[in-house]
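# Coordinates in review
These are the residues of each chain, in order.
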Amino acid sequence: MTVSETIAATGAEVLRPHAEDAFADELKALAAADDRPRPERWRLSPWAVATYLLGGVLSDGTVITPKYVGPRRLVEVAVTTLATDRALLLLGVPGTAKTWVSEHLAAAVSGDSTLLVQGTAGTPEEAVRYGWNYAQLLAHGPSRDALVPSPLMRAMSEGMTARIEELTRIPADVQDSLITILSEKTLPLPELGQEVQAVRGFNVIATANDRDRGVNELSSALRRRFNTVVLPLPATPEAEVDIVSRRVDQVGRSLDLPPAPGGLAEIRRVVTVFRELRDGITTDGRTKLKSPSGTLSTAEAISVVTNGLALAAHFGDGVLRPGDVAAGILGAVVRDPAADRVVWQEYLETVVRERDGWKDFYRACREVSV
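Please read all numbers here as calculations on a predicted model, not as lab measurements. (Residues numbered from 1 in each chain as written. Predicted model: local features only at pLDDT ≥ 70, side-chain atom pairs only at ≥ 80, totals over all residues. Heavy atoms only, no water.)

## A short note on helix α17 (residues 339–352)
Three or four residues apart is the spacing at which side chains of an α-helix point the same way, because the helix has 3.6 residues per turn. Over its 14 residues, α17 runs 19 Å from end to end, which matches the ideal 20 Å to within 8%, given 1.5 Å per residue. Restricting attention to buried positions, one finds in α17 the residues Asp340, Val343, Trp344, Tyr347, Leu348, Val351 and Val352. For α17, the arc enclosing every buried residue in end-on projection is 135°, short of the 170-degree limit, so these residues lie on one face. Buried residues in α17 make contact with α14 (263–279), α16 (322–333) and α18 (359–369). (Helix = DSSP H or I, 4+ residues; strand = E, 2+ residues; numbered from the N terminus. Expected span 1.5 Å × (residues − 1). Buried < 20%, exposed > 50% of the residue type's maximum accessible area, 1.4 Å probe, protein only. Arc of directions from axis to C-beta. Contact = heavy atoms within 4.5 Å.)

In structure tokens:
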């Protein structure tokens, strides 16, 4: 059911539409303007998919908003991989937009980003292969009617793009059940003496990071089945401010939060704090810093600013101020109450306290740090 159908059926707007619904107008405009060759069962050509992710202006004047701000070549390599028989692995530290990119790639290629396997420590093999309707199984024995297809099995049958989130969180034995699917493009059904063969258009996008605890390394056999694209952290402060501003605006509109004066100034401040602590050095290169245990990702910066907007709208005067983001920054930085608090206090006293124009921010952070 599409978002429009859901709204009509429930009378309410969903909180977070899927990419293919939220950007349906852009995808439609791209499809109409796209006269380049398309791989079989692709909704758009590789050029149009890259344009959808990176943004641009079409010949009819339609503006395609950027979904990803980063090196163009990385996006081109990712899109090209999906046009081959190789699966795509998006690798990077937490908060580098791996999930966001995978969703939008699937939406642009297949028009459906919902064929998703969420990786966890408890993901069973059935989530990757198939399961059974046990009422049907007990009543009639093994049959195709009793079989419950996984998202990957559906993608294979329909020539679609399947997504696997947090691949390295899936147990190693379950990970390895992907090898036959990715190499032979077939899924055996031994209970039925049958198999499902992938039709043209099928591919897989997986995401993974190696920074979190509970990671299961990929076997060399499985890793060889993927082309790996590493998504970096934003290269410059300006790029990160742009990303945070765009996403905060999108999230704020979905939550009906009014635009807050002073928003850009506080976004720049949050990004500066995160980058300096993440890099272990101040922006001017003069002071070395200790880094906290957390990742301080762009995604966390977006969350801090969005929460600050909500505080300003509901409990303030509508102007985004340092006090609205201070508590969120503290929560993002201090993950280990002992070690990280020392890092944060040292940063406040040696950097923030002495920085011109940051006195109000220093006082706000001191108040929540007590």
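## A closer look at the sheet that holds strand β7 (residues 161–165)
If you walk across this open sheet you meet the five strands as β4-β7-β10-β3-β11, and the pairing is parallel. Strands at the two margins of the open sheet, each flanked by one partner only, are β4 (116–118) and β11 (226–230). Shown here is a sheet whose adjacent strand axes are inclined to one another by a mean of 20°, direction ignored. Relative to strand β10 (residues 203–208), strand β3 (residues 87–91) runs parallel, the two sharing four bridges. The residue of β10 that forms the bridge with Leu88 is Ile205. Taken strand by strand, helix α6 (residues 98–110) contacts β3, β7 and β10, and its axis lies near 170° from that of β7. (Pairing = 2+ DSSP bridges. Axes fitted to C-alpha atoms, helices over the stretch in contact; angles between N-to-C directions.)

## Concerning the nonpolar core
Val273, Phe274, Ile329 and Trp344 are the most contacted members of the largest nonpolar core, which totals 38 residues. When residues of this core are traced back to their parent elements, those giving at least two are α13 (237–254), α14, α15 (298–315), α16, α17 and α18. With residues up to four places along the chain from it excluded, the contact list for Phe274 reads Leu296, Ser297, Glu300, Ala301, Val304, Ile329 and Ala332. Listed in part, the 34 residues of the second largest apolar core include Ala87, Val128, Trp132 and Met160. (Core = buried A, V, L, I, M, F, W, Y, C linked by side-chain atoms within 4.5 Å.)

## Topic: helix α4 (residues 46–54)
Of all nine residues that make up α4, seven are buried, and the element is covered over most of its length. Every buried residue of α4 is accounted for by Ala48, Val49, Ala50, Thr51, Tyr52, Leu53 and Leu54. Those residues of α4 hidden inside the fold are in contact with α2 (19–22), α3 (24–33), β1 (56–57), β2 (63–64), α5 (72–82) and α6. One or two residues past the end of α4 sits Gly55, with phi positive at roughly 90°.

## A word on the pairing of β10
Counting buried residues in β10 gives six out of six residues, a clear majority hidden from the surface. Alternating residues of β10 divide into Asn203, Ile205 and Thr207 and Val204, Ala206 and Ala208, and every residue in both groups is buried. In this structure, β7 lies alongside β10, joined through four bridges in parallel fashion. Across the sheet, Ile164 pairs through a bridge with Ala206, a residue of β10.

## Topic: the pattern of salt bridges
Applying the stated criterion across every chain yields a total of 22 salt bridges. The residue Glu266 makes a salt bridge to Arg269 at a minimum N-O spacing of 2.8 Å. You can see Glu266 and its partner Arg269 sitting in helix α14, three residues apart, about one turn around the helix. Residue classification places Glu266 among the buried positions, given a relative accessible area of 4%. (Salt bridge = Lys/Arg side-chain N within 4 Å of Asp/Glu carboxyl O.)

By themselves, these figures tell us nothing about what the structure is for.
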